[in-house]
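# Structural overview
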Amino acid sequence: MKTDKKVARALDRPSGINSLSEKAAYTGLLLPFMVLFTIFTIIPVFSSIVLSFFDYDQVSTPIWVGLENYLRMVIGDRLFPIVFKNTLVMAVILGPLSYILAFVLAWCISEFRPVVRTFLAFLFYAPGLVGNAYFVWSIIFSGDAKGYANSILLSLGLINDPIVWFKNLDYNMGIIIIIQLWMSLGVSFLSNIAGIQNVPHDMYEAGAIDGIRNRWQELWYITLPSMKSILLFGAVMQIQSSFSIGAVITALVGYPTLNNSLDTIVTYLQDVGTQRYEFGYAAAISVVLFLMMLLFRVLVGNLLNLLGK
Amino acid sequence: MGKTVKLRRVHKTAQYRRYTRSKAGNFFFFFFLTLFGLFSVVPLFYSVITSLKPLDELLITPPRMWVSRPTLANYTVLPSLMASLSVPLSRYIFNSVFVAAVTTFFHIIVSAMAAFVFSKSSLKCRGWLFALVQLALLYNAYTLAIPRYLIFSFTNIIDTYLVYILPSIPSAMGCFLIKQYMDGSVPNAILEAARIDGAGTTRIFWQLVMPLIKPAWLTLFLFEFQAMWTVIPGGTIFSEELKTLPQVMSSITAGGIARSGAAMAATVIMMIPPIIVFWITQSNVMETMSSSGIKE
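Quick look at the structure, then. These figures come from a predicted structure and were not determined experimentally. (Residues numbered from 1 in each chain as written. Chains lettered and ligands numbered in written order. Predicted model: local features only at pLDDT ≥ 70, side-chain atom pairs only at ≥ 80, totals over all residues. Heavy atoms only, no water.)

Considering the arrangement of structural elements, one finds A:Gln197 in helix 9 (residues 187-197). Overall, A:Gln197 belongs to the buried group, its relative accessible area being 8%. A polar side-chain atom of A:Gln197 sits 2.9 Å from the main-chain carbonyl oxygen of B:Met286. (Helix = DSSP H or I, 4+ residues; strand = E, 2+ residues; numbered from the N terminus. Buried < 20%, exposed > 50% of the residue type's maximum accessible area, 1.4 Å probe, protein only. Polar contact = N/O pair within 3.5 Å; in protein donor to acceptor, adjacent residues only side chain to side chain.)

See below:
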């Protein structure tokens, strides 16, 4: 039979007849991305890593200093351990919370009609559409008696003096975490929506026949395993954003913050680069930040493999 | 767990089995959604309200979340604020639309082509190349600014449209998103079937794979459009006639408290295109139904 031969040949790939032209086609598809990606991302990353072994102020020629920049982080810098700890605390608390939130909300709205679903997604994604939406929080948590939070607490008699929220060591970390959590419905939220959308409905039907009894079982045995690859994407994006917190803190609280209580690796990094022109040291710090993220990336990859088991 | 499974039709497009919730569960479900929805929409609401405030209401501290005497003055003053620009406003609008449209288009095509190779090809190098893409995603962008600037000046693209477009085309995030989506939604079996029917790799990609991963590239469309719509290049664009809208908007915002109403009006106008793109792309994503039979 002719078709059988064709099937057999197709199954033999990539050693089949067409494999050379197939390879050429694949290479052609990959090439534009790889060329531009190499020029604008890989070469800069590589040169940044190389720069971390140099002393460089953007004016004089770089001087090779070996591991000195890295040693300085551990023993010669009073601030680095503080910002390292702050970053880790924020990322470990915030990362899982906003990751779960981005999934739970995407999952919750998936049972509505498409129009309602789009509307709800719009509401949740709205802070991301406004640009610097976090400015609202500077009105709410304004440090004087007129700020919304203070005036409510004062009128309820819960406090006697207004709280300077962003300069209060008991509250400021918590407030920043709340604000970041509120802002976290971005990339992974929408990618989760696309992922949930893609779970075929006959799988739910088959699941119901196979004895799935409630929505929790359905979630655990069907929805989550079917969208594992999108969940990994969301997790990596979450790791990246949780370890890169900084812009919002600088905008709302400034730099440096009281007792460096809110300074993160990223805000510190920008200070080292922009204010002190120590680009070699800044590069070394970003390499360490990268290694931290990589560690969590490996951990999360292993965790996601447990889904549906 | 011994509850009986009730079947009910949720709506026309999804007729699969759904499980009912207890009354308390229902209450918390809607309570949670409403609360979060209201909470999220505050800044959007506040921006629109503020843009409608007359000057005396703008000066009230703390700023109010409502407006008692709404006015369009902040909007009508915008043309006169922009009359002094050395380049007509239409040029900035053209630049913004052009840069956002071209970049988003190539961004999606180039990322999807690469993602297809990473996800489905027989190339031996795809594994470590894709690992490289993922690793680059985790590297902080701040320290890349200097080497990137050197590359821009070396390739001679500073102060041209290319400095907006070229670096934004290859995105690790876009490629990663589409690759992950393909892994989950394009079964190898249908690719094989298409090959047996005589379709070549390029044709399979355009006619079979791209339609199947539509939700992924629509989502990416939104992200990239938003990013390019708000982009303010740092020290790479000097000619006035190459600048985009956000750059000229910041000159309005710089006018102090008297102009804060006009600045908010400008912000609201700038929000409209991303909102339109959101509705078009997301309502298409929501309409997509994964039909049976193409899954393994």
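Once you've had a look at it, read on.
As a further point, take helix 5 (residues 114-129) of chain A. All names here are of chain A. At leucine 123, helix 5 is bent by approximately 40°, the largest bend along its length, and proline proline 127 sits one to four residues beyond. Within helix 5, 12 of the 16 residues are buried, which leaves it mostly tucked inside the rest of the structure. Those residues of helix 5 not exposed but buried are Pro114, Arg117, Thr118, Leu120, Ala121, Phe122, Leu123, Phe124, Tyr125, Ala126, Pro127 and Leu129. With its phi angle positive at about 85°, glycine 131 sits one or two positions after the end of helix 5. (Bend = angle between axes of the 7 residues up to and from the residue.)

A few words on the nonpolar core. Counting 171 residues, the largest nonpolar core has A:Phe189 and B:Phe118 as the members making the most contacts within it. Considering every element that reaches this core, the biggest residue donor is helix 4 (residues 79-109) of chain A, with 15 residues. Each of domain 1 (1-46) and domain 2 (84-287) of chain B contributes no fewer than three residues to this core. Sequence-distant contacts of A:Phe189, that is, excluding residues within four places in its chain, are made with A:Ala102, A:Leu105, A:Ala106, A:Ile109, A:Ala121 and A:Phe124. (Core = buried A, V, L, I, M, F, W, Y, C linked by side-chain atoms within 4.5 Å. Domains from an automatic or database assignment. Contact = heavy atoms within 4.5 Å.)

In this complex, chain B contributes 106 residues to the contact, which on the side of chain A involves 106 residues. The junction of chain B with chain A conceals about 9,900 Å² of combined surface from both sides, 73% of it contributed by carbon and sulfur atoms. Summed over the shared surface of chain B and chain A, the number is one salt bridge. Where chain B meets chain A, there are 16 residue pairs in polar contact (both at pLDDT 80 or more). A per-element tally of the side of chain B that touches chain A places helix 1 (residues 23-51) of chain B first, with 14 residues. (Buried area = accessible area lost by both parts, 1.4 Å probe. Salt bridge = Lys/Arg side-chain N within 4 Å of Asp/Glu carboxyl O.)

This part takes up the packing of helix 4 of chain A against helix 12 (residues 228-243) of chain A. Packed helix pairs are specified by the crossing angle of their axes together with the interaxial distance, meaning the distance between the axes. All names here are of chain A. With their axes 9 Å apart at the nearest point, helix 4 and helix 12 run at an angle of 145° to one another. Two packed elements cross with a definite hand, and for helix 4 against helix 12 that hand is right-handed. Residue-level inspection shows Thr87, Leu88, Ala91, Gly95, Ser98, Tyr99 and Phe103 of helix 4 in contact with helix 12, the latter providing Leu231, Gly234, Ala235, Gln238, Ser242 and Phe243. Looking at the contact of helix 4 with helix 12 residue by residue, the classes come out as seven nonpolar, six polar and no charged. (Axes fitted to C-alpha atoms, helices over the stretch in contact; angles between N-to-C directions. Left-handed = near helix turned anticlockwise from the far one by under 90°. Nonpolar A, V, L, I, M, F, W, Y, C, P; charged D, E, K, R; others polar.)

Tallying each qualifying case throughout the model produces 38 aromatic pairs over all chains. Pairing B:Phe27 with B:Phe31 gives two aromatic rings, centres 5.8 Å apart and planes at 15°, and the pair type is stacked. With a gap of four residues between them, B:Phe27 and B:Phe31 both fall in helix 1, about one helical turn apart. Classification of B:Phe31 as partly exposed rests on a relative accessible area of 45%. Ring geometry for B:Phe205 against B:Trp206: centres 5.1 Å apart, planes inclined by 70°, an arrangement best described as edge-to-face. One aromatic cluster in this structure is built from A:Trp137, A:Phe141, A:Trp165, A:Tyr171, A:Trp182 and B:Phe39. (Phe/Tyr/Trp six-rings, centres within 6.5 Å; stacked < 30°, edge-to-face > 60°.)

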